[in-house]
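Here's the letter readout for the chains.
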Amino acid sequence: MILADKIIEERKKLGLSQEELAEKLSVSRQAVSKWESAQSIPDLQKIIVMSELFSVSTDYLLKDEMVPERKAPGESDADSTVRRVSLEEANAFMETEAEQSKVVAFGVLLCILCPVLLIFLAGLSEANIGGITETIASVIGLAQLFIFVTIAVFLFISYASKTERFDYLKKEQFETAYGVSGLVKEKKEAYKPIYTKYLSSGVGLCILSPVPLIITALINEADIWAISMTALLLCIVAAGVFMIVRVALVNESYKILLQEGDFCKTEKRKSKAVDAASSIYWCLVTGGYLAWSFITEDWKTTWIVWPVAGVLFVPFITIVKHLCGKDD
């Protein structure tokens, strides 16, 4: 049985007319008529939608002699317990990540730049340049710092809210519909030159950022010059990090859909254990800090718990991942 006959048969089983099927597929009745008379073939996206609508596999629709394998609506061809990502949803995810990567990168840029004005004005005040007092420098600098941080937090929250519906892609196992993996691989390969260019440029800027301070140290200029170069260093780092974050998020979206690297099925299983272990770790650290502080009342010393816990956290998580890997 060819595709045209299968469309007719499945449409009639659902009791749909050509007009009703066309409406569900967002095409014209003439398009459906041409499919059923074998005058044209629906594109891959419409075949995927029809497989969901008819509750059959895409293989059944595409392979002439294949017997239909019925499935529940929305059920994956590979595993009924695993969520299936359609072509439309994959495209929506990639487009959202590409658009929101600019938002996140700009938020990170603002976080790095937020102390620049404060540092520069403090230098002018210390050098008695421009009649700027320490109070004025502090007020203006801190005001700008809080404004930048506030905007950055707003951007991060905006990113989280707009990508929340795709969180399952990073945390859960899923299967992709027919054609999704091929499309994502093509996009990833096409994006590779851009990714390499901006990543190398960003890393290069971060490496070169101390150059102004090195030059200042060599020529023994005044303190105001050194402070200005410190501000310039932060600006260079901010530009470099912006480039890195911008392309890294886009490239990461391809890895997520292809379930590669940190987003492969094994790593996702590990991440659940890591999240649980992290929560327990920091709860114990907080409890230990509070207990030590209240018992000794030596708050000036007990703060050391936090940097030590931060240093030990990395080997702790490494051990947890190793143990999870052995369990797998």
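Residues numbered from 1 in each chain as written. Predicted model: local features only at pLDDT ≥ 70, side-chain atom pairs only at ≥ 80, totals over all residues. Heavy atoms only, no water.

**Comments concerning the side chain of E36**
Then comes step 1: Inspection of the secondary structure assignment puts E36 in helix α3 (residues 29-36).
Then comes step 2: What makes E36 buried here is its relative accessible area of 10%.
Then comes step 3: One polar contact links E36 to R11, side chain to side chain, over a distance of 2.5 Å.
Then comes step 4: Beyond its immediate sequence surroundings of up to four residues, E36 is in contact with A4, I7, I8, R11 and Q18. (Helix = DSSP H or I, 4+ residues; strand = E, 2+ residues; numbered from the N terminus. Buried < 20%, exposed > 50% of the residue type's maximum accessible area, 1.4 Å probe, protein only. Polar contact = N/O pair within 3.5 Å; in protein donor to acceptor, adjacent residues only side chain to side chain. Contact = heavy atoms within 4.5 Å.)

**Side note on the nonpolar core**
Then comes step 1: If you look at the biggest cluster of nonpolar residues, it comprises 22 residues, and the most contacted ones within it are V85, F93, L169, V180, V184, Y254 and L257.
Then comes step 2: Of all the secondary structure elements, the ones that give two or more residues to this core are α6 (87-113), α9 (167-171), α10 (180-208) and α12 (223-258).
Then comes step 3: The leading source of residues in this core is α12, at 6 residues.
Then comes step 4: Setting aside its immediate chain neighbours within four residues, Y254 contacts M94, V184, K187, K188 and Y191.
Then comes step 5: Counting residues in each nonpolar core, the second largest holds 15 residues, with A105, I112, Y159 and A238 among its members. (Core = buried A, V, L, I, M, F, W, Y, C linked by side-chain atoms within 4.5 Å.)

**Focus on a nonpolar patch on the surface**
Then comes step 1: Together, V203, I207, L208, V211, I214, I215, L218, I219 and W225 make up an exposed nonpolar region whose accessible area comes to about 860 Å².
Then comes step 2: Breaking the nonpolar patch down by element, the ones donating at least two residues are α10 and α11 (211-219).
Then comes step 3: Per element, the largest residue contribution to the nonpolar patch is 5 residues, and it comes from α11.
Then comes step 4: Residue placement: I215 occurs in helix α11. (Patch = residues over 30% accessible without salt bridge, like charges linked within 9 Å, V, L, I, M, F, W, Y side chains within 5 Å. Areas by Shrake-Rupley, 256 points an atom, 1.4 Å probe, with all protein chains shown as cover. Salt bridge = Lys/Arg side-chain N within 4 Å of Asp/Glu carboxyl O.)

**Topic: the packing of aromatic side chains**
Then comes step 1: One pass over the full model with this rule turns up 6 aromatic pairs.
Then comes step 2: A connected cluster of aromatic rings, assembled from ring pairs, spans Y281, W282, F313 and F316. (Phe/Tyr/Trp six-rings, centres within 6.5 Å; stacked < 30°, edge-to-face > 60°.)

**Focus on α6**
Then comes step 1: The terminal C-alpha atoms of α6 lie 39 Å apart, and with 27 residues this matches the ideal 39 Å at 1.5 Å per residue to within 8%.
Then comes step 2: Its axis deflected by about 30 degrees at Q100, α6 carries its strongest bend there. (Expected span 1.5 Å × (residues − 1). Bend = angle between axes of the 7 residues up to and from the residue.)

**Here's the deal with the environment of A273**
Then comes step 1: Along the chain, the position of A273 falls in helix α13 (residues 265-296).
Then comes step 2: Distance in space between the C-alpha atoms of A273 and L323 is 9.8 Å, their sequence separation being 50 residues.

**Remarks on the environment of N251**
Then comes step 1: Tracing the sequence through the fold places N251 in helix α12.
Then comes step 2: Along the chain, N251 and A98 lie 153 residues apart, while their C-alpha atoms are 9.0 Å from each other.
Then comes step 3: Residue contacts for N251: discarding those within four places in its chain leaves K188, Y191 and Y195.

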